[in-house]
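In case you want the letters, here they are:
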Amino acid sequence: MSTTERPRILVVGGGYVGLYAARRILKKMRYGEATVTVVDPRSYMTYQPFLPEAAAGNISPRHVVVPLRRVLPKAEVLTGRVTTIDQDRKVATISPLVGEAYELPFDYLVVALGAVSRTFPIPGLAEQGIGMKGIEEAIGLRNHVLEQLDKADSTTDEDIRRKALTFVFVGGGFAGAETIGEVEDMARDAAKYYKNVSREDMRFILVDAADKILPEVGPKLGKYGKEHLEGRGVEVYLSTSMDSCVDGHVVLKNGLEVDSNTIVWTAGVKPNPVLSRYGLPLGPRGHVDCAPTLQVQGTDYIWAAGDNAQVPDLAARKAGNENAWCPPNAQHALRQARVLGDNVLSGMRGFPQKGYAHANKGAVAGLGLHKGVAMIVMGKMKIKLKGRLAWYMHRGYHGLAMPTWNRKIRVFADWTLGMFLKREVVSLGAIETPREEFYEAAKPAPVASAPKEKTEQKAKAS
Ligand SMILES: Cc1cc2nc3c(=O)[nH]c(=O)nc-3n(C[C@H](O)[C@H](O)[C@H](O)COP(=O)(O)OP(=O)(O)OC[C@H]3O[C@@H](n4cnc5c(N)ncnc54)[C@H](O)[C@@H]3O)c2cc1C
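Residues numbered from 1 in each chain as written. Predicted model: local features only at pLDDT ≥ 70, side-chain atom pairs only at ≥ 80, totals over all residues. Heavy atoms only, no water.

- The name an unreviewed UniProt entry assigns to the protein is Oxidoreductase, from the organism Streptomyces djakartensis.
- Listed under Sequence similarities (unreviewed entry) in UniProt, the entry text for the protein is "Belongs to the NADH dehydrogenase family." (UniProt positions renumbered as here; feature names shortened; annotations may be inferred.)

So this is what it looks like as C-alpha cells:
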C-alpha cells in the first residue's frame, strides 16, 4: 500500500548518482506515475573530477556545479540531510537547512550519499588540513595558495616565507595527483607577477603511503606521472605517511620535517558514515551491500549505487577476478545511476530487474595545462597516452561527460578563453568574511571615557 498519495521515490543525495538516477526516472516515467523527491544539503550537484581545475582557476567554480532545481524541474528538491530511515514505517527523517527536522514518507528509496574524506587520528590534521571533495574546498584552496604568495611577497622574514611557500599534499590518487599538478602549475604561473617570489622559492611535496601514485591508470603511467611531477620540482615521497602536522609542523614517517601553512588531504574516501543510521546491510568497509541489480540486499524497494555502495563488478568477475567490486569512480556512478533508474521503474511496475555490468573503459588524469596521462581500454588492448595528447583526452572526456549542455558550453568557453587570456591570479580570500570591512565602517564609535582623575576633580568643583 502506498504511504503517499502518489508513490514517492525518495532519492537521498543529489550528487552523480542522485542527479542521473532522478533524471532517468523522470524521463521514462509516465505522467503522474510517481513523485520524485531529491534531498541534498547542497542545492547543486558537484562534478568532482573538475575540482582540481577549479582550484587552478582554469574553470569558473560556478561552472563545475549543476543546480538541481533547474536540471530537475519536475522533481521535488529539498535542501537538507536525511538523518535516519525507518524501514518499518517507510519514513525518512529530514533535517532541513533551517528549522525543525520532519518525517517524509516514501515508497521507493534510492541511497546515493557518496563518500567523505577518509582520515586518521593524526595530530593537527583536523585543524590544519583541507580536503578536496567539494567546490567550497577548491575555491578555498585556490584563494589560500595565492594568499600564501601575497604573504611571502610582503615579508623578509625567512621562516614566515618558507612556511607560506611550502605546500604539502597527502594522497597521490586521482584527486591528490591532479590537484598538486594543477595547483603547482597555477602557483608557478602566478609567481611571474611577484617581485619577491619565484618558483624556486616554492616547495611542493606529495606524500603517499603506497609505493606508487595514480593507481587508476596502471603502474607504467603512474611511474610516468611521478617522474613528470618530479621533473617539475615536486618532491614525491612514497611508502611513507604523515605522522603529525600540529600548527603546520609536518612530520613524515620517513623522518622529513617541514613547516607549512598548506596541508591538502586527499588520502582516499570512505562511505558516508550516516549510513550506519539507516539500518541497511553494510559491507566490511561501511558500504551498502547491493545485489548486481543495485537493490540493497534483502530488500525489493531500496536501491543504492556510487561511492556509498558495494556492487559486484560482474565484468571483472566474468574475466576471472572472482571477488571484484566496482571501484568508486564517476565512470561507474554514472552508468549505475542509469540502470538504477530503470530498475526503480521496473520495480514499481512489477517488471524484472536488470543486472549492472560495465567493463572498465580506462582512466584519464590531468596534471596541469597540457600535461596528463590516459589509459584507454579497448577490448583486451590497453592504450597508454601521456603528455599533451593525454591531456586533450582528459579535457575531451570530462568536458563531454559534464552534465547538461549549459555546463558543457560554459566549461569549453572557460577553456577557450584560457587559451587567449592570461590566467586569473587574484586571491579573493576576503570572500570568506565579506562583512568584516563594512562592520568596521558601520560599528558605533567607542565613547571616549574621560580619565578618572579629571572626572573626580570636576565632581568636587561642582
Ligand atoms: C577531486 C576528485 C577528483 C575525481 N576525479 C575523478 C576522475 O577523474 N574520474 C572518475 O571516474 N572519478 C573521479 N572522482 C570520483 C567521482 O567524482 C565519484 O566517484 C562520484 O562523484 C561518486 O558519485 P556519488 O553520487 O556516489 O557521490 P557524490 O557525487 O559525492 O554525491 C553524494 C551526494 O550526497 C549528498 N549527501 C551527503 N550526505 C547527505 C545526507 N545526509 N542527506 C542527503 N544528501 C547527502 C552530498 O551532498 C552529495 O551531493 C573524483 C573525485 C574527487 C573528489
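### Structural notes on the sheet that holds strand β24 (residues 381-386)
Moving on, step 1. Spatial strand order, β22-β23-β24: three strands in an open sheet with antiparallel pairing. If you trace the sheet from one side to the other, it starts and ends with β22 (362-366) and β24, each paired once. Within the sheet, the average angular offset between the axes of one strand and its neighbour, ignoring direction, is 15 degrees. (Pairing = 2+ DSSP bridges. Helix = DSSP H or I, 4+ residues; strand = E, 2+ residues; numbered from the N terminus. Axes fitted to C-alpha atoms, helices over the stretch in contact; angles between N-to-C directions.)

### Quick look at the packing of aromatic side chains
Moving on, step 1. For the structure on display, the rule yields ten aromatic pairs.
Moving on, step 2. Judged by centre distance (5.7 Å) and plane angle (45 degrees), the ring pair of Tyr16 and Tyr47 falls under tilted. You can see Tyr16 sitting in helix α1 (residues 16-28) and its partner Tyr47 sitting in the loop between β3 (44-46) and α2 (51-56), a full 31 residues away along the chain. Both residues of the pair, Tyr16 and Tyr47, count as buried.
Moving on, step 3. Aromatic pair Phe120 and Trp265: ring centres 6.2 Å apart, planes at 75 degrees, arrangement edge-to-face. One end of the pair, Phe120, is in the loop between β9 (115-117) and α4 (125-128); the other, Trp265, is in strand β17 (residues 262-265), and 145 residues separate them in sequence.
Moving on, step 4. For Phe120, a relative accessible area of 42% puts it in the partly exposed group.
Moving on, step 5. Looking at Trp265, the relative accessible area reads 6%, which means it is buried. (Phe/Tyr/Trp six-rings, centres within 6.5 Å; stacked < 30°, edge-to-face > 60°. Buried < 20%, exposed > 50% of the residue type's maximum accessible area, 1.4 Å probe, protein only.)

### Things to note about the domain arrangement of the protein
Moving on, step 1. Per the domain assignment, the segments making up the protein are domain 1 (8-117 + 270-349) and domain 2 (125-267 + 362-420).
Moving on, step 2. Placing a centre on the C-alpha atoms of domain 1 and another on those of domain 2 gives a separation of 29 Å.
Moving on, step 3. On the side of domain 2, 31 residues touch domain 1, which itself brings 35 residues to the contact.
Moving on, step 4. Contact between domain 1 and domain 2 buries roughly 2,900 Å² in total, counting both sides, with carbon and sulfur atoms accounting for 56%.
Moving on, step 5. Here Arg42 ties to Glu136 by a salt bridge, and the two come within 3.5 Å at their closest N and O atoms. (Domains from an automatic or database assignment. Contact = heavy atoms within 4.5 Å. Buried area = accessible area lost by both parts, 1.4 Å probe. Salt bridge = Lys/Arg side-chain N within 4 Å of Asp/Glu carboxyl O.)

### A short note on the UniProt feature "domain: FAD/NAD(P)-binding" (unreviewed entry) in the protein
Moving on, step 1. UniProt tags residues 8-315 as "domain: FAD/NAD(P)-binding" (unreviewed entry).
Moving on, step 2. Secondary structure across residues 8-315 comprises 28% helix and 27% strand; the distance between its end C-alpha atoms is 33 Å.

### Here we look at the nonpolar core
Moving on, step 1. If you look at the biggest cluster of nonpolar residues, it comprises 114 residues, and the most contacted ones within it are Ile9, Val36, Val111, Leu149, Met202, Phe204 and Tyr278.
Moving on, step 2. No fewer than three residues from each of domain 1 (8-117 + 270-349) and domain 2 (125-267 + 362-420) sit in this core.
Moving on, step 3. Ignoring anything within four residues of it in the chain, the contact list for Phe204 reads Phe167, Phe169, Ile180, Val183, Glu184, Ala187, Arg199, Gly233, Val234 and Glu235.
Moving on, step 4. Among the nonpolar cores identified, the runner-up in size contains 15 residues, and Ile122, Leu125, Ile263 and Ala267 belong to it. (Core = buried A, V, L, I, M, F, W, Y, C linked by side-chain atoms within 4.5 Å.)

### Observations concerning the packing of α1 against helix α10 (residues 330-349)
Moving on, step 1. The N-to-C vectors of α1 and α10 enclose an angle of 40 degrees; their axes lie 8 Å apart at closest approach. As judged from the angle between their axes, α1 and α10 are oblique. Both α1 and α10 take part in a crossing whose hand is right-handed. Contacts between α1 and α10 involve Tyr16, Val17, Tyr20, Ala21, Arg24, Ile25 and Lys28 on the former and, on the latter, Ala330, Ala333, Leu334, Ala337, Arg338, Leu340, Gly341, Asp342, Val344, Leu345 and Arg349.
Moving on, step 2. The residue makeup of the contact of α1 with α10, split by class, is twelve nonpolar, one polar and five charged. (Parallel < 35°, antiparallel > 145°, perpendicular 65-115°, else oblique. Left-handed = near helix turned anticlockwise from the far one by under 90°. Nonpolar A, V, L, I, M, F, W, Y, C, P; charged D, E, K, R; others polar.)

### Quick notes on a positive patch on the surface
Moving on, step 1. Residues Lys220, Lys382, Lys384 and Lys386 make up a contiguous surface patch of positive charge.
Moving on, step 2. Looking at the positive patch, the element that brings in the most residues is β24, giving three residues.
Moving on, step 3. Take Lys382: it is sitting in strand β24. (Patch = residues over 30% accessible without salt bridge, like charges linked within 9 Å, V, L, I, M, F, W, Y side chains within 5 Å. Areas by Shrake-Rupley, 256 points an atom, 1.4 Å probe, with all protein chains shown as cover. Lys, Arg positive; Asp, Glu negative; His and termini not counted. Charge placed at Lys NZ, Arg CZ, Asp CG, Glu CD.)

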